[in-house]
Amino acid sequence: MSEITGYDIESDERVGEGGFLCVRRMRLRARRADGSCTAVFLSDYVERPRGLDAVVVGLWHRDVAGQVQVLLREGQRPALYFGRPPERQVVPDRRRYLLFTELVAGILEEQDRGEEGVRARAAAEAWEEAGLRVDPARVQILGGAVFPSPGMTPERFFLTAAEVDPGEAVPPKGDGSPMEEGARLRFVPLTEALRMCEQGELEDAKTELLLRRLRDALQG
């Protein structure tokens with residue numbers, strides 16, 4: 001196979017601008033090392049105008065027995081509710097996804113620069129989505145960031161964790177969006193959350209990865 005050294009752009013457009021997401025549609029030729037180019041091909045991917053990347057936050061505490069408890073959040077995900085018609089499912093879903101279980105997470109905005117910005121946004125999301133105050137300086141970054149779906153989006157996830165006191169929690173205010181209404185919060189043992197991942201009861205990939213990194217970090 002020839003070495004690919006770059007791309008030539010034949011056309012570049014954005015579809016659906018003005019919303020939460022838009023599709024960037026590019027027609028490209030890949031350049032080969034010998035100077036030739038491939039045929040034109042289509043590349044579609046999703047962009048988020050508000051921010052490129054996101055932070056995921058594992059909020060945890062130790063109960064009176066010393067067992068690690070992690071916070072799970074069930075919230076609306078209309079893309080799963082409407083985007084999975086039964087006739088297109090290779091293996092039928094066990095349920096319809098009105099609410100979906102994940103960890104606290106949020107978009108990194110333009111002002112959130114460097115690791116300090118990641119920690120500050122993690123703390124802001126903990127307050128907004130869980131009603132828990134977190135000192136940004138105590139937010140731990142759990143290893144390198146990851147790309148969840150590089151064929152569809154350039155978004156990268158920064159995985160973080162922070163120890164909290166659940167006794168200090170207040171009802172979260174959210175960000176004012178109707179999509180944040182009806183969210184449910186609960187602490188579960190970390191071992192139980194990982195079992196749920198393995199059994200397909202907790203189906204969010206970023207959540208499972210963060211929980212595994214958190215387990216490893218706490219084991220030292």
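See above for the structure.
Since the structure is predicted, the reported quantities are computational estimates derived from the model, not experimental observations.

Each value, and the rule that gives it
Residues numbered from 1 in each chain as written. Predicted model: local features only at pLDDT ≥ 70, side-chain atom pairs only at ≥ 80, totals over all residues. Heavy atoms only, no water. Axes fitted to C-alpha atoms, helices over the stretch in contact; angles between N-to-C directions. Helix = DSSP H or I, 4+ residues; strand = E, 2+ residues; numbered from the N terminus. Parallel < 35°, antiparallel > 145°, perpendicular 65-115°, else oblique. Left-handed = near helix turned anticlockwise from the far one by under 90°. Contact = heavy atoms within 4.5 Å. Nonpolar A, V, L, I, M, F, W, Y, C, P; charged D, E, K, R; others polar. Buried < 20%, exposed > 50% of the residue type's maximum accessible area, 1.4 Å probe, protein only. Lys, Arg positive; Asp, Glu negative; His and termini not counted. Salt bridge = Lys/Arg side-chain N within 4 Å of Asp/Glu carboxyl O. Phe/Tyr/Trp six-rings, centres within 6.5 Å; stacked < 30°, edge-to-face > 60°. Lys NZ or Arg CZ within 6 Å of the ring centre and 35° of its normal. Pairing = 2+ DSSP bridges. Core = buried A, V, L, I, M, F, W, Y, C linked by side-chain atoms within 4.5 Å. Arc of directions from axis to C-beta.

(A) Region of interest: the packing of helix α3 (residues 190–198) against helix α4 (residues 205–218). It is at 10 Å that the axes of α3 and α4 come closest, and there the two elements cross at 140 degrees. The angle between α3 and α4 falls in the class oblique. As for the relative orientation of α3 and α4, their crossing is left-handed in sense. Packed against α3, whose contacting residues are Leu190, Ala193, Leu194, Cys197 and Glu198, the element α4 presents Glu208, Leu211, Arg212 and Arg215 at the interface. Per-class residue counts for the contact of α3 with α4 are five nonpolar, no polar and four charged.

(B) Representation of the environment of valine 188 within the structure. Position of valine 188 among the secondary structure elements: in strand β10 (residues 184–189). Residue class for valine 188 comes out buried when judged on its relative accessible area of 6%. A sequence separation of 128 residues divides valine 188 from tryptophan 60, and the C-alpha atoms of the two residues are 9.3 Å apart. Those residues in contact with valine 188 that lie beyond four places of it in its chain are Val68, Gln69, Val70, Leu72 and Ala193.

(C) Quick peek at the side chain of glutamate 74. When you line up the elements, glutamate 74 lands in strand β5 (residues 68–76). Despite its burial, glutamate 74 pairs with no opposite charge; the closest candidate is arginine 184, at 4.2 Å N-O. Not counting the four nearest positions on each side in its chain, glutamate 74 is found in contact with Leu99, Phe100, Thr101, Gly182, Ala183, Arg184 and Arg186.

(D) Geometry of the packing of aromatic side chains. All told, the structure shown has three aromatic pairs when counted by the stated rule. On the basis of an interplanar angle of 65 degrees and a centroid distance of 6.4 Å, the ring pair of tyrosine 7 and phenylalanine 41 is categorised as edge-to-face. Taken together, the residues tyrosine 7 in strand β1 (residues 4–15) and phenylalanine 41 in strand β3 (residues 41–47) connect sequence positions 34 residues apart. Considering the side-chain rings of tyrosine 97 and phenylalanine 100, the 6.0 Å spacing of their centres and the 70 degrees angle between planes classify their relative orientation as edge-to-face. When its relative accessible area of 8% is taken as the criterion, phenylalanine 100 is described as buried. Between the NZ or CZ atom of arginine 96 and the centre of the ring of tyrosine 81, over which it lies, the distance is 3.7 Å. Residue placement shows arginine 133 over the ring face of tryptophan 127; its charged tip is 3.5 Å from the ring centre.

(E) Up close: the side chain of glutamate 180. In this fold, glutamate 180 is placed in the loop between β9 (157–163) and β10. Contacts of glutamate 180, omitting those with residues within four sequence positions, involve Arg73, Gln76, Glu128, Glu129, Gly174 and Asp175.

(F) Examining the sheet that holds β1 more closely. The strand order across the open sheet formed by three strands is β1-β2-β3, and the pairing between neighbours is antiparallel. The sheet is open, and its two borders are formed by β1 and β3, each paired with just one other strand. Adjacent strand axes in the sheet meet at a mean angle of 30 degrees when their direction is disregarded. Bridge count between strand β2 (residues 22–32) and β3: seven bridges; the pairing is antiparallel. Its bridge partner being in β3, valine 23 is matched across the sheet by valine 46.

(G) How the structure looks around the nonpolar core. Membership of the largest hydrophobic core comes to 22 residues, with the highest contact counts inside it found for Val56, Val70, Leu210, Leu211 and Leu214. Contributions of two or more residues to this core are made by β4 (54–62), β5, β9, α3 and α4. With five residues, the single largest contributor to this core is α3. Excluding residues within four positions of it along the chain, leucine 211 makes contact with Val70, Leu103, Leu190, Ala193, Leu194 and Cys197. In this structure, Val55, Val118, Phe158 and Ala162 belong to the second largest nonpolar core, which totals 17 residues.

(H) How the structure looks around α3. Buried within α3 we find Leu190, Ala193, Leu194, Met196 and Cys197. Mapping the buried residues of α3 onto a view down its axis gives an arc of 155 degrees, with all of them on the same face. Turned more than 90 degrees from where α3 packs its buried face, Thr191 and Glu198 sit exposed. Taken from the residues just after α3, glycine 200 is the one with a positive phi, measuring 80 degrees.

(I) A look at the pattern of salt bridges. Inspection of every chain in the model, using the stated rule, returns 25 salt bridges. Residue arginine 31 pairs with aspartate 8 through a salt bridge whose shortest N-O separation is 2.7 Å. Taken together, the residues span a long stretch of sequence, with arginine 31 in strand β2 and aspartate 8 in strand β1 at a distance of 23 residues. The partly exposed category is assigned to arginine 31, whose relative accessible area is 29%. The closest approach of N and O atoms between arginine 25 and aspartate 44, which form a salt bridge, is 2.7 Å. Separated by 19 residues along the polypeptide, arginine 25 in strand β2 and aspartate 44 in strand β3 bring together distant segments of the chain.

Purely geometric stuff here, so don't read any function into it on its own.
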